[in-house]
Amino acid sequence: MAKGDTLGEFELLILAALMMLGDNAYGMTIHEQTEKLAEGLRTVSLGAVYTTLDRLEQKGYVKSWFANPTPERGGRSKRFFEITGTGELAVKNSMKLAGNVLAGLQEIGGLT
């Protein structure tokens, strides 16, 4: 894992939400899932979700596309998101790092 490849806490939450949502991952559902994951720990604004999704797409961890416009959305398109293989690897590496930290703290009697 090269420097700069690690995920921030919020990036990890967003990618985990994408993995959980599968084919139903668009702005509002990602926001709702991220709120559930962060419940009681932090607040989640819709703007922060979109900003993070854009950053993750620039990093190559996420890809997005627009669906066909629908009448119930006033002719607007939904923007769907999907985690890439590179994004899944970043989640796996972040979870391994967190596991190593937890194991190290448990060795010294912390976080029992």
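Refer to the preceding data block for the structure.
For clarity, every value in this text was computed on a predicted model and none was experimentally measured. (Residues numbered from 1 in each chain as written. Predicted model: local features only at pLDDT ≥ 70, side-chain atom pairs only at ≥ 80, totals over all residues. Heavy atoms only, no water.)

A. Geometry of the packing of helix 1 (residues 9-21) against helix 2 (residues 27-37). Where helix 1 contacts helix 2, the two axes come as close as 9 Å, and the packing angle between them is 115 degrees. Crossing hand, helix 1 versus helix 2: right-handed. Across the interface between the two elements, Phe-10, Leu-13, Ile-14, Ala-16, Ala-17, Leu-18, Met-20 and Leu-21 of helix 1 pack against Thr-29, Ile-30, Gln-33, Thr-34 and Leu-37 of helix 2. Looking at the contact of helix 1 with helix 2 residue by residue, the classes come out as 10 nonpolar, 3 polar and no charged. (Axes fitted to C-alpha atoms, helices over the stretch in contact; angles between N-to-C directions. Helix = DSSP H or I, 4+ residues; strand = E, 2+ residues; numbered from the N terminus. Left-handed = near helix turned anticlockwise from the far one by under 90°. Contact = heavy atoms within 4.5 Å. Nonpolar A, V, L, I, M, F, W, Y, C, P; charged D, E, K, R; others polar.)

B. Region of interest: the pattern of salt bridges. Inspection of every chain in the model, using the stated rule, returns 6 salt bridges. Note that Glu-9 is salt-bridged to Arg-42, the shortest N-O span being 2.9 Å. Of this pair, Glu-9 sits in helix 1 while Arg-42 is found in the loop between helix 2 and helix 3 (46-59), placing the two residues 33 residues apart along the sequence. With a relative accessible area of 56%, Glu-9 lands in the exposed category. The partner of Arg-79 in a salt bridge is Asp-54, and the shortest N-O contact between them spans 3.1 Å. Remark: Asp-54 occurs in helix 3 and Arg-79 occurs in strand 2 (residues 79-83); sequence separation between them is 25 residues. In this structure, a network of salt bridges that share partners links the residues Glu-11, Arg-55 and Lys-59. (Salt bridge = Lys/Arg side-chain N within 4 Å of Asp/Glu carboxyl O. Buried < 20%, exposed > 50% of the residue type's maximum accessible area, 1.4 Å probe, protein only.)

C. Focus on the packing of aromatic side chains. By the definition in use, this model includes 2 aromatic pairs. The interplanar angle of 65 degrees and the centroid separation of 5.6 Å between the aromatic rings of Tyr-26 and Phe-80 together place this pair among those described as edge-to-face. In this pair, Tyr-26 is assigned in the loop between helix 1 and helix 2 and Phe-80 in strand 2, connecting sequence segments 54 residues apart. Each member of the pair, Tyr-26 together with Phe-80, is buried. Their ring planes at 15 degrees and their centres at 6.1 Å tell us that Trp-65 and Phe-80 sit as a pair that is stacked. On the criterion of sequence distance, the pair formed by Trp-65 in strand 1 (residues 62-66) and Phe-80 in strand 2 is long-range, its members being 15 residues apart. (Phe/Tyr/Trp six-rings, centres within 6.5 Å; stacked < 30°, edge-to-face > 60°.)

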